Amino acid sequence: MSDRAVLSVDHVSYAFGKKKALDDVSIEVDRGECTVLLGPNGAGKSTLFSLITRLYDAPAGTIRINDYDVKKKTSRALAGLGVVFQQPTLDLDLSVMQNLRYHAALHGMSRKQIKVRVQEELERQGMFERRFEQVRQLNGGHRRRVEIARALLHEPKLLLLDEPTVGLDVPSRQAIVQHVHDLCSTDHIAVLWATHLIDEVYETDHLIILHQGVVRAAGVVDEIKRQSGATTIAEAFHRFTREGMAA
Amino acid sequence: MRLLHYLRAMRGIVIRELWRFLRQRERFIAALVRPLVWLFVFAAGFRSTLGLAIMPPYETYILYEVYIAPGLVGMIQLFNGMQSSLSMVYDREMGSMRTLLVSPLPRWFLLTCKLLAGTAVSVLQAYTFLLIAGFYGIEAPWEGYLWLLPALIVSGLMLGALGMLLSSFIKQLENFAGVMNFVIFPMFFMSTALYPLWKIKESSEVLYLLAEYNPFSQAVELIRFALYGQFNEYALLYTCGSLVVFLSLAIIGYNPSKGMMKRKGRG
């Protein structure tokens, strides 16, 4: 694990019964770096996220967040982690504020901290004026913004996003992609962004191509293009995933 | 600081459950209608056919409505425990359970807090039911209502833990109907909620043994005695013992490397 690595996944494998979901996966995400985990549906992205968040246990390999082993020092590891899951996880019956307060309580934040941080994060998302609205009344894009605000409330060093733009319209998608990239450059948060949408990858991003549970390529975008002999990310992605299928 | 974190999380989980409860008024009304129908219709109908002898904690002959009132309080808590487990299965399927499980606190503590939150709701429901029953003429000594509180907390925790244990085994929401048929109804009918043990013994020895060892029976007896200002030591020990067993198994069930959360993962 390098000194700058906030997340380190080391030789992790996982299977559902006989079906291998992840095979000897090793990745690192550094501070201030936006890493895009690119893979088609069923590549193993969500499984990897479930292992990082310890919803499942990784029977082989180790996962460390901020140098804490997720299996051995679970609480300390999870304290530095913010997550936006693929499925919406807000309580629709509660208001935006109540949802955020609940999350803040789980992270042991004081009332004063909650007040300050909720305002900061919701203002950043342009949602502060709507804090007393029931989540059910918000559209998909706004709900996602609230989820991102919630994930950042306790100032994590690592932010995981599992296909957060699925089902959103183009402007909402672009706004979220831009916002998350800004977080890396301004707040120096390490981001691991799982997606199957190639247009969400920036040229400056670190890219990991996952296919059939195996890391096919990893590096900055230019490096990956060079490795595959492609001129675009889309082309490189197709080459790596096609090779995987042939193998 | 760590202790403060735990306390804040506990308060947050309980408050969230109360917020949800207040938002879902239908749930509150439904939880009350069920025992009230039993009280006003079932008990009234059986009043003349079921005669009850004097037995502790009662010091005189009582009406059947008076006898089943503690059983119906238990019924509220039994259904609430199952409702909580249903919502846990739903939350797990819908994803909101993940928010809880990825927070930086031990899983046993999070599940215990969730249990406390569900119990707080069931205590509110139980007292509301007793208030309505009071207007109907079913009253207990005033101090009984105070003694009832700790009894309701223990019985609510035990029945909630049972629901949590079931939720760790139920993978999909659709399977929940089975719980109704195989857990709630047998537990309720094979208990002292509707008829006393000696009466059950008169008709069937097997049924008597099942009712005697049914944890729900002991929870109902704990409630019954507390409501009349009396302490039933055996019922308390049995209920607490059941709570420890159910909660421990539920925690194992939710452990990512041991229970159902393991999801058959292999390296």
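So, here's what we can say about the structure.

The next subject is the packing of helix 3 (residues 96-106) of chain A against helix 4 (residues 111-124) of chain A. Relative orientation and spacing of two packed helices are given, respectively, by the angle between their axes and the distance between those axes. Residue and element names in this part refer to chain A. Between helix 3 and helix 4, whose axes approach to 11 Å, the crossing angle comes to 125°. Taken together, the axis directions place helix 3 and helix 4 in an arrangement best described as oblique. In the packing of helix 3 onto helix 4, the handedness of the crossing is right-handed. Facing V96, M97, L100, R101 and A104 of helix 3, the residues of helix 4 in contact are I114, V118 and L122. Residue composition of the contact of helix 3 with helix 4, grouped by class: seven nonpolar, no polar and one charged.

Before going further, it helps to spend a moment on the environment of L162 of chain B. Residue and element names in this part refer to chain B. For L162, the position within the fold is in helix 6 (residues 142-169). Classification of L162 as buried rests on a relative accessible area of 8%. Sequence separation between L162 and G81 is 81 residues; the distance between their C-alpha atoms is 7.2 Å.

What follows is about the interface of chain B and chain A. On the chain A side, the residues contacting the 37 residues of chain B number 39 residues. In total, about 3,300 Å² of surface goes out of reach between chain B and chain A, with carbon and sulfur atoms giving 56% of it. Considering only the side of chain B, the residues that lose the most area to chain A are W19, R98 and V102 of chain B, jointly responsible for 19% of the buried surface there. Summed over the shared surface of chain B and chain A, the result is two salt bridges. Here D91 of chain A ties to R20 of chain B by a salt bridge, and the two come within 2.7 Å at their closest N and O atoms. Scanning the region where chain B abuts chain A turns up eight residue pairs in polar contact (both at pLDDT 80 or more). The element that contributes the greatest number of residues to the side of chain B that touches chain A is helix 1 (residues 2-23) of chain B, accounting for 11 residues. Split by residue class, the side of chain B that touches chain A holds 13 nonpolar, 11 polar and 13 charged.

In this section: the sheet that holds strand 10 (residues 214-220) of chain A. Residue and element names in this part refer to chain A. If you walk across this open sheet you meet the six strands as 6-7-8-3-9-10, and the pairing is mixed. Two strands bound the open sheet, and with one partner strand each, they are strand 6 (81-84) and strand 10. Strand-to-strand twist across the sheet, computed as the mean angle between neighbouring axes with direction ignored, equals 15°. By the bridge criterion, four bridges tie strand 6 to strand 7 (residues 158-162) in an arrangement that is parallel. Across the sheet, V84 pairs through a bridge with L161, a residue of strand 7. Packing of helix 6 (residues 170-187) onto the sheet brings it into contact with strand 3 (34-38), strand 7 and strand 8 (190-195), and relative to strand 8 it is tilted by some 155°. Packing of helix 7 (residues 221-228) onto the sheet brings it into contact with strand 9 (206-211) and strand 10, and relative to strand 10 it is tilted by some 120°.

Calculation criteria
- Residues numbered from 1 in each chain as written.
- Chains lettered and ligands numbered in written order.
- Predicted model: local features only at pLDDT ≥ 70, side-chain atom pairs only at ≥ 80, totals over all residues.
- Heavy atoms only, no water.
- Axes fitted to C-alpha atoms, helices over the stretch in contact; angles between N-to-C directions.
- Helix = DSSP H or I, 4+ residues; strand = E, 2+ residues; numbered from the N terminus.
- Parallel < 35°, antiparallel > 145°, perpendicular 65-115°, else oblique.
- Left-handed = near helix turned anticlockwise from the far one by under 90°.
- Contact = heavy atoms within 4.5 Å.
- Nonpolar A, V, L, I, M, F, W, Y, C, P; charged D, E, K, R; others polar.
- Buried < 20%, exposed > 50% of the residue type's maximum accessible area, 1.4 Å probe, protein only.
- Buried area = accessible area lost by both parts, 1.4 Å probe.
- Salt bridge = Lys/Arg side-chain N within 4 Å of Asp/Glu carboxyl O.
- Polar contact = N/O pair within 3.5 Å; in protein donor to acceptor, adjacent residues only side chain to side chain.
- Pairing = 2+ DSSP bridges.

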